[in-house]
Number of protein chains: 2
Amino acid sequence: MGAKSHYNDVLKERNLKATKHRFAILEALENCKIPVTAEDLYIKLKRDGISISLSTVYRCLETLHKKGIVIKSNIPDYNKAVFEYNHNEHRHHMICIKCHKMQPVNGCPLEEFEKFIESKFDFTVKGHNLEVYGYCSGCGSKETASNYSCCPERNEGS
Amino acid sequence: MGAKSHYNDVLKERNLKATKHRFAILEALENCKIPVTAEDLYIKLKRDGISISLSTVYRCLETLHKKGIVIKSNIPDYNKAVFEYNHNEHRHHMICIKCHKMQPVNGCPLEEFEKFIESKFDFTVKGHNLEVYGYCSGCGSKETASNYSCCPERNEGS
DNA sequence: ATTGCAAATGCGAATCATTCGCAAAAACAA
DNA sequence: TTGTTTTTGCGAATGATTCGCATTTGCAAT
Ligand SMILES: [Mn+2]
Ligand SMILES: [Mn+2]
Ligand SMILES: [Zn+2]
Ligand SMILES: [Zn+2]
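Note that the structure is predicted; figures quoted are calculated from it, not measured. (Residues numbered from 1 in each chain as written. Chains lettered and ligands numbered in written order. Predicted model: local features only at pLDDT ≥ 70, side-chain atom pairs only at ≥ 80, totals over all residues. Heavy atoms only, no water.)

> I tried to follow the protein's contact with DNA strand D on my own but got confused; where do I start?
The environment of DNA strand D is made up of 22 residues, and the closest members are Tyr58 of chain A together with Lys17, His21, Arg22 and Thr56 of chain B. The sugar-phosphate portion of DNA strand D accounts for 65% of its atoms within 4 Å of the protein, the bases making up the rest. Here a phosphate oxygen of DNA strand D sits 3.2 Å away from a polar atom, N or O, in the side chain of histidine 21 of chain B. Arginine 59 of chain B has a polar side-chain atom sitting 2.8 Å from a base nitrogen of DNA strand D. Listed by contribution, the elements that provide at least two residues to the surface near DNA strand D are α4 (54-66) of chain A together with α2 (20-31) and α4 (54-66) of chain B. (Near = heavy atom within 4 Å. Polar contact = N/O pair within 3.5 Å; in protein donor to acceptor, adjacent residues only side chain to side chain. Helix = DSSP H or I, 4+ residues; strand = E, 2+ residues; numbered from the N terminus.)

> Would you mind going over the environment of leucine 64 of chain A with me for this structure?
All names here are of chain A. Of note, leucine 64 is situated in helix α4. Owing to a relative accessible area of 0%, leucine 64 belongs among the buried residues under this scheme. For the pair leucine 64 and leucine 11, spaced 53 residues apart in the sequence, the C-alpha separation amounts to 8.7 Å. Setting aside residues up to four positions removed in sequence, leucine 64 forms contacts with Leu11, Leu16, Ile25, Leu26, Ile69 and Val70. (Buried < 20%, exposed > 50% of the residue type's maximum accessible area, 1.4 Å probe, protein only. Contact = heavy atoms within 4.5 Å.)

> In this structure, what is going on with the packing of aromatic side chains? I would like to understand it.
Two aromatic rings are characterised by how far apart their centres lie and by the angle between their planes. Residue and element names in this part refer to chain B. Scanning the entire structure with this criterion turns up four aromatic pairs over all chains. A ring pair is formed by tyrosine 7 and phenylalanine 23, whose centres lie 6.4 Å apart and whose planes are at 40°; its orientation type is tilted. In this pair, tyrosine 7 sits in helix α1 (residues 3-13) while phenylalanine 23 sits in helix α2, placing the two residues 16 residues apart along the sequence. Exposure class is identical for tyrosine 7 and phenylalanine 23. Each is buried. Note on phenylalanine 113 and phenylalanine 116: the rings are 6.1 Å apart at their centroids and 25° apart in plane angle, and the pair reads as stacked. Note that phenylalanine 113 and phenylalanine 116 are positioned in helix α5 (residues 111-120) at a spacing of three residues, about one turn of the helix. Take phenylalanine 113: its relative accessible area is 8%, and that puts it in the buried class. (Phe/Tyr/Trp six-rings, centres within 6.5 Å; stacked < 30°, edge-to-face > 60°.)

> How do you make sense of the coordination of the manganese ion (ligand 1) when you look at a structure like this?
Ideal donor angles around a metal are set by the shape: a four-donor tetrahedron calls for 109.5 degrees, a six-donor octahedron for 90 or 180 degrees. Residue and element names in this part refer to chain A. Looking at the metal site, the manganese ion (ligand 1) is ligated by His90 (NE2), His92 (NE2), Cys108 (SG) and His128 (NE2), spaced 1.9 to 2.2 Å from it. Between consecutive donors of the manganese ion (ligand 1), the numbers of intervening residues give the motif H-x1-H-x15-C-x19-H. Here cysteine 108 is found in the loop between β5 (102-106) and α5 (111-120), whereas its partner histidine 128 is found in strand β6 (residues 124-135), with 20 residues between them in sequence. For histidine 128, a relative accessible area of 12% corresponds to the buried category. (Donors = N, O, S within 2.8 Å, 3.2 Å for Na, K, Ca; no water.)

Structure representation (structure tokens):
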């Protein structure tokens, strides 16, 4: 209990109609530990027996994102957007450059930095993006990842 | 003097052939104060009287990026990659959420944070992405920007 | 419950950035 | 100059995302 009416409120507050598809999407997203693509979500919903079209998944995610209910982000060198439920906890992610998994990290080290920027430049800070790249526990530090801007291909020796 | 042979070395070091297109691209990029899209660059080259195909621009940029000569990044909610010459200074950017301009900021506030992550999680840090969003000096703080994950549309009052 | 209108959806077609295939043109080592 | 390896041009293909439009749904006012 509570679950559905909670989404109901969330949607109503932003002038969005409460549809079963939106409930399903929000519920599925809230159960995801890691951010998912629109298509991942579409497949998951289908598996759960929900009849929905991929366009609707895209449209809902975009709407929910614009209303701040869902966070949309891009993994560099990965041509798909990923979405996650916005828990309204300010957090960042660690992204595995091998398997592309994203895991959240709570907390933010940037308060000072933002102040520094506002004081040094004529720029009004409204937010930031921060992700850390590397190898997740599953992938170890095997040097087999695809190339990333953060760790370009080396060419020293032989 | 110096300029061309410098690119020559950069390319040779990474086993890339030194072609006039790659020189043109590197030169154009190095002259850009802000990151540009493949198409921006293509247009710029054309204006400079250089005959090149858009595919080649994409291919060169990708190659140069994989070799670490060029940095490729994505502006959230903007569906194009942007490229900049890699000056090998570790730096980040301020991105205007109204006009999409990116300006560099030297320095990095994340050394501590990376240590923290490695010590707390079983994750090997290899790099990071950090951009700050807000209004550039030209755009002031007029609240007219398109929506961004960092500052979703509000719906309070009225 | 019924009605009426705006918002949401399904479906397929369209977009648009980016990638690919392949033949022709460089680059460069020998 | 020759031969081999890369790079390039061109257009076609790809793949994620968006759009158009007819139909259905949510929901507020009867
Ligand atoms: Mn933060
Ligand atoms: Mn940094
Ligand atoms: Zn991994
Ligand atoms: Zn601006």
